[in-house]
Every structure is written in structure tokens, then in C-alpha cells.
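Read off the chains here:
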Amino acid sequence: MSDTPSNNKKDEDKDENSRHKARMQQQKAKVDERIANAQVEKGVLIVITGNGKGKSTSGFGTVARAVGHGLKACVVQYVKGTWPCGERDLLEKLGVEFHVMGTGFTWETQDKETDKAAAQKAWEFSKTCLQDPSIDLLLLDEITYMLTYKYIDLDDVLVALENRPVNQHVVITGRACHRAVIELADTVSEVRPIKHAFEAGIKAQKGIDW
Ligand code: ATP
Ligand code: MG
């Protein structure tokens with residue numbers, strides 16, 4: 001066959017294909033080895049923190065994933081009770097128990113004692129969940145702020161998390177997660193804002209922001 005430019009191109013493509021195949025085989029071997037080495041089965045503590053959008057939606061996504069597998073999930077929302085939330089309406093229909101910190105919590109008036117009492121009540125409920133082996137997944141949405149404001153006791157939270165049922169998964173969301181909780185966690189992701197529609201004057205929207 002004559003050495004035409006088109007034959008040269010075909011040979012180069014063939015070489016590139018075999019190099020790609022070799023690289024992929026190497027990568028697959030590495031991934032397979034790591035999968036084979038990951039043998040521990042236990043409940044994990046996941047923290048989703050940072051200033052970007054996507055923390056609570058990630059937590060609720062995990063709840064949906066667990067419920068899809070027939071697992072029992074429970075959600076405690078450390079937010080003002082009247083805050084609307086599409087996930088709550090959907091997941092409650094699927095049998096997920098919600099506890100919303102609820103009435104009394106007033107960002108507006110910043111009545112510290114009322115807020116603290118509401119936070120502590122939500123934490124007492126969270127603690128009963130952290131002792132209940134029938135709950136496979138517990139989402140503590142926005143609990144980080146309760147630690148920042150010192151409305152609930154850090155050591156109490158750490159002890160309850162450490163002593164939870166061995167197979168229970170917990171997801172914690174919220175900005176500025178305390179470093180002690182990060183240290184205890186198995187998986188920690190920080191959502192970093194690059195842009196947010198709100199900064200361009202686009203208002204919070206149903207189905208996207210709540
Ligand atoms: P989401 O519930 O959408 O996953 P989030 O849990 O990461 O958001 P929060 O700090 O709990 O974020 O904020 C709750 C609300 O604030 C949501 O409506 C969210 O869209 C909005 N929000 C989140 N990040 C930003 C940001 N960087 N700038 C402006 N608004 C934000
Ligand atoms: Mg959130």
C-alpha cells in the first residue's frame with residue numbers, strides 16, 4: 001500500500017486507540033483493586049458544608065436514594081417552621097418522618113431564648129433518632145448553625161453521633177460546619193460558590209430554591 005497522508009492518519013488513529021485502551025485497562029485495574037479493598041460495611045457520617053448552593057438538595061437527594069432502596073429515613077430541619085419545602089411534601093407522602101424545628105424559631109426577632117428552646121427541642125428529637133436502630137438514614141438539615149450559635153451543646157452532639165447504631169447513616173448540612181464534626185465524619189464535601197443566580201437579581205424560585 002502506498003504511504004499516502006490518509007494511510008498515515010489511519011495508523012495514528014490506531015496507535016492512539018491502543019494507547020487509550022492500555023491507559024483505560026490500567027485505570028480499571030486500579031479502581032478494581034480499590035473496590036476489592038473497601039470491605040467495611042457501616043453507617044457513614046456525611047457532612048455537606050460550604051457557602052455554595054446544593055447542600056440541602058444533596059441531603060434530600062440522599063434521602064430519596066435511600067427511600068428508593070426501601071430504607072427508613074427521617075429528617076430533622078433546623079429551620080424556621082413555616083419555611084416551605086418541596087422535598088418535605090414529596091417525601092412525607094413516601095413515609096419519611098419530618099421534624100421541623102418549627103414554631104417559635106424567629107430569625108426576624110432574634111429572640112435568643114425562644115430560638116434556643118426550639119433548637120434544643122429539635123435536638124432532643126434528633127437524639128431519639130440517633131438511638132433508634134430502625135432508622136437507616138437521618139438527615140440533620142442546617143444543624144451546623146445551632147452549633148455556631150451554641151444553641152445546642154457540641155459535646156452532646158459528638159457523643160450522640162459516635163454512639164449511634166452502627167449501621168445508621170447520618171447526613172449533616174449547613175455552612176461553617178464545626179471542625180470537630182468534620183473530624184468525626186467519614187465523608188465531607190464543601191460546596192464552593194462560583195456564581196449564584198440571586199447575585200444577578202434573579203429571585204428564589206419554587207422547585208429550585210425551596
Ligand atoms: P439548597 O437548599 O438549594 O441545596 P443550600 O442548602 O446549599 O441550598 P442554604 O445555605 O441552606 O443553601 O440556603 C438556602 C437558600 O439560599 C436556598 O434557597 C438556596 O438557593 C439559597 N442559596 C444557597 N447558596 C446561596 C448563595 N451563595 N447565594 C445566594 N443564595 C444562596
Ligand atoms: Mg440548606
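Residues numbered from 1 in each chain as written. Chains lettered and ligands numbered in written order. Predicted model: local features only at pLDDT ≥ 70, side-chain atom pairs only at ≥ 80, totals over all residues. Heavy atoms only, no water.

- If you check an unreviewed UniProt entry, the protein appears there as Corrinoid adenosyltransferase from Paraglaciecola mesophila KMM 241.
- Per UniProt, the protein carries the Pathway (unreviewed entry) text "Cofactor biosynthesis; adenosylcobalamin biosynthesis; adenosylcobalamin from cob(II)yrinate a,c-diamide: step 2/7."
- On record in UniProt, under Sequence similarities (unreviewed entry), the comment for the protein is "Belongs to the Cob(I)alamin adenosyltransferase family." (UniProt positions renumbered as here; feature names shortened; annotations may be inferred.)

### Observations concerning unusual backbone geometry
- Phi at E142 is positive, roughly 70°, even though this residue is not glycine.
- As for its position among the elements, E142 is in the loop between β4 (137–141) and α5 (144–148).
- Residue classification places E142 among the buried residues on the basis of a relative accessible area of 15%.
- With a phi angle near 60°, K150 is a residue other than glycine that sits in the positive phi range.
- By secondary structure assignment, the location of K150 is in the loop between α5 and α6 (154–162). (Helix = DSSP H or I, 4+ residues; strand = E, 2+ residues; numbered from the N terminus. Buried < 20%, exposed > 50% of the residue type's maximum accessible area, 1.4 Å probe, protein only.)

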